[in-house]
Structures are given as structure tokens and as C-alpha cells.
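# A structural walkthrough
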Amino acid sequence: MKTLKTRLKNGLDGCYLLEGEDLYLYDRAFSMIKKACNIGLEDFDIIKFDDENFSMQALLSAAEVMPMASDYKLVVVKNVAKVGENDKKLLLDYLKNPAKTTVIVIFDYFNKFEFIKNDCAFVDCRRFDKYTASAVVVNEFTKRGKQISAEAVDTLLDYCNGYLSRVNNEIDKLCYYDLNESLVTKKLVEELVTKDSEYVVFELTDALGKKNADKALTILNQMSKEQGLLGLITSHFRRLFFISTADMDDKNLASLLGVKEFAISKQRQQVKNFSKMQLKKIYALLEQVDFNIKSGAMLQENAVYYLILSILYI
């Protein structure tokens, strides 16, 4: 993603594979590619496929059609959840000799097109590291004639769990809340921005690891009505257990657990708050709670409090 602008100056590739979890970066990359294609008539020269109308044969047929009023025909593939073995072969064969006047852009949120990673231009749309994300945030506020403190940037990124797509939705709210104030502060971010549920679970886990019962219970009381809370907490602690026991790097572990690499790297910071024995006991506790709920021995609304209070004393 960081080098895409430079690469586009050197010419367009026949196919771009966009992969990662930040929708803001997908949109930003696509805008840059679309601009480079110099599209004149979008209705004729941009063809879109999604999970409802996708077929590889239709995609490749569209790719062979010449543009009508643009430098390039742009074929866009989004939200495709299933790609068959024959589809893979057809696409790989096409990429050996792609149409010169067509650019295919694949939004591969479900990682179904990874098989072409070495045969096309790859664009990494994973969440930026904090330094790069902070620079993007500061720039967005500057564009709007505002400044934002370093503390406020950190808090905004934390509350949005590093997703620039979420950050982007909060910026206008923060900028226009007080037109007479040029500086956006940490206090304003805390007042106006809703914390991402994954970040709240991260905070809760941190409090549990540090045996801060008051903070853990305060967080739990604030989010006790949230849908799927038990599942989020369970998934979080299961990942902590696997991180502590598996001798694997973040990328391979993320692939094994079916989560994004960013989540693994962030949770690795918390593993030091628990011993391997504690995480083993917590993992066993998760299995016990799950069994009790499914067998009717425990109500789900009570299970969260039972789980959190038990972890505090492990």
C-alpha cells in the first residue's frame, strides 16, 4: 500500500490483488488505481462482480472487451467467498498473458485469491503500524484546518482498534464538534468516540492480567448488554493460550487461527501478563463454561460474570 503510488507512476499492471482488513485502505488503493486508468465513462468501462453475480468465465470475458471511452477497462471483484479449483486454473492461465487494455482489481477480504499473489501486483491493506497510521490521522486533521494532540491520536487509534476506516468516520465529528477550537484533545476523543468492542475486550483482558478487579468489573458492567460479548472474551483468551504455547510467527499463527495478523501481534503484548499455567487453566475454564451453557447448567448472561470472576482468582 505504501509503495502503490510510486508503482503506478511506472505504469499499470494487468491485475491488482488487495488483501487485508482495513476497508479504508482498500478504498484508497482503488481510487489510486482508478485514477491511473483514466476512466471516461464509468457505466461502460467499469465492470463489477460480487458474490451474487461472480463467475470466472464472465470475469475473463469482460476482461477481453476493449474500453469504450477510457484508457483502460476496469474489472472489479469484491466480496467473493468461494473460488473453485477450475476457476483458479482459468485465472492463472489468463494472468500469463493478460489483456493489455484491462486492469482487474480484486478486493480479497476473504483471502480466496491468495493463489495469484505471485502472479499479479499485490497491495497490502492490513492495518498500518501505529507510526504510519498516526501520520495519516494527523494529515487528515490538517486537511480540515485542525490539529490533534499526540495523546489524542493514540487514543483515537486505540478506540478504533487501528482501523483507519473507523477513524475516518470519526474525524469529521471531532473536527466540527467545536468550530472555535483548533486543537482536538484526548479528552474530546474520550467523550465523542465509541470504543471498538475488540479494544474493550483488550482493555478487560489487560485489567484481568494485572489483577485489577475494580477496573475489570467496571468494564464488564459497561458492556454486559453487548451482543456476543462472551464469544469475544472466549476467542480472545483462546488466542492468548495458543500464542503462549505455539512456536510460530504471527503470520502463520494468524492463518492457523483464522484471524488477522494484526490481532495476533496486538495480543502478543498481553501474554506477558499471564503465566503459561494460568492460560492453561483459563483455557480449561472456557471449555467448562461452554459445556455448562450448552447443557443448560448455566445461563449465558451469568456465564460472563462467572468467567471473569474466576479468571481474577486463577
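Placed above this text is the structure.
The shown structure was predicted, so the numbers you read here are calculated from the model rather than taken from an experiment.

Among the surface-exposed residues, Lys5, Lys9, Arg28 and Lys35 lie close enough to one another that they form a single positively charged patch. Secondary-structure elements contributing two or more residues to the positive patch are helix 1 (4-9) and helix 2 (23-37). Relative to the helices and strands, Lys5 is located in helix 1. Exposure remark for Lys5: the relative accessible area of 57% places this residue in the exposed category.

Turning to the packing of helix 6 (residues 130-143) against helix 8 (residues 164-176), a few remarks are in order. Where helix 6 contacts helix 8, the two axes come as close as 10 Å, and the packing angle between them is 30°. As the angle between them shows, helix 6 and helix 8 are arranged roughly parallel. Crossing angle aside, the handedness with which helix 6 passes helix 8 is right-handed. In this structure, helix 6 uses Ala133, Val136, Val137, Glu140 and Phe141 to contact helix 8, whose residues at the interface are Leu164, Val167, Asn168, Ile171, Leu174 and Cys175. The residue inventory of the contact of helix 6 with helix 8, partitioned by class, reads nine nonpolar, one polar and one charged.

Among the nonpolar cores identified, the biggest contains 44 residues, and Leu18, Ile33, Leu74, Leu156 and Leu164 are the most heavily contacted of them. With seven residues, the top contributor of residues to this core is helix 2. For Leu74, the residues in contact, after removing those within four places along its chain, are Phe30, Ile33, Lys34, Cys37, Ile39, Asp45, Ile46, Ile47, Val103 and Val105. Judged by nonpolar contacts, the second largest core, of 33 residues, contains Val200, Leu204, Ala216 and Val304.

Looking now at the pattern of salt bridges. Evaluation of the coordinates by the stated rule reveals 21 salt bridges. A salt bridge links Glu203 to Lys195, with the nearest nitrogen and oxygen atoms 3.1 Å apart. Note that Asp290 and Lys294 form a salt bridge whose closest N and O atoms lie 3.1 Å from each other. In this pair, Asp290 and Lys294 both sit in helix 15 (residues 276-294), four residues apart, roughly one turn of the helix. The exposure class of Asp290 is partly exposed, given its relative accessible area of 29%. Residue Lys294 is classed as exposed on the basis of its relative accessible area of 68%. A network of salt bridges, in which partner residues are shared, links Glu140, Lys143, Arg144 and Asp172.

Definitions and limits used
Residues numbered from 1 in each chain as written. Predicted model: local features only at pLDDT ≥ 70, side-chain atom pairs only at ≥ 80, totals over all residues. Heavy atoms only, no water. Patch = residues over 30% accessible without salt bridge, like charges linked within 9 Å, V, L, I, M, F, W, Y side chains within 5 Å. Areas by Shrake-Rupley, 256 points an atom, 1.4 Å probe, with all protein chains shown as cover. Salt bridge = Lys/Arg side-chain N within 4 Å of Asp/Glu carboxyl O. Lys, Arg positive; Asp, Glu negative; His and termini not counted. Charge placed at Lys NZ, Arg CZ, Asp CG, Glu CD. Helix = DSSP H or I, 4+ residues; strand = E, 2+ residues; numbered from the N terminus. Buried < 20%, exposed > 50% of the residue type's maximum accessible area, 1.4 Å probe, protein only. Axes fitted to C-alpha atoms, helices over the stretch in contact; angles between N-to-C directions. Parallel < 35°, antiparallel > 145°, perpendicular 65-115°, else oblique. Left-handed = near helix turned anticlockwise from the far one by under 90°. Contact = heavy atoms within 4.5 Å. Nonpolar A, V, L, I, M, F, W, Y, C, P; charged D, E, K, R; others polar. Core = buried A, V, L, I, M, F, W, Y, C linked by side-chain atoms within 4.5 Å.

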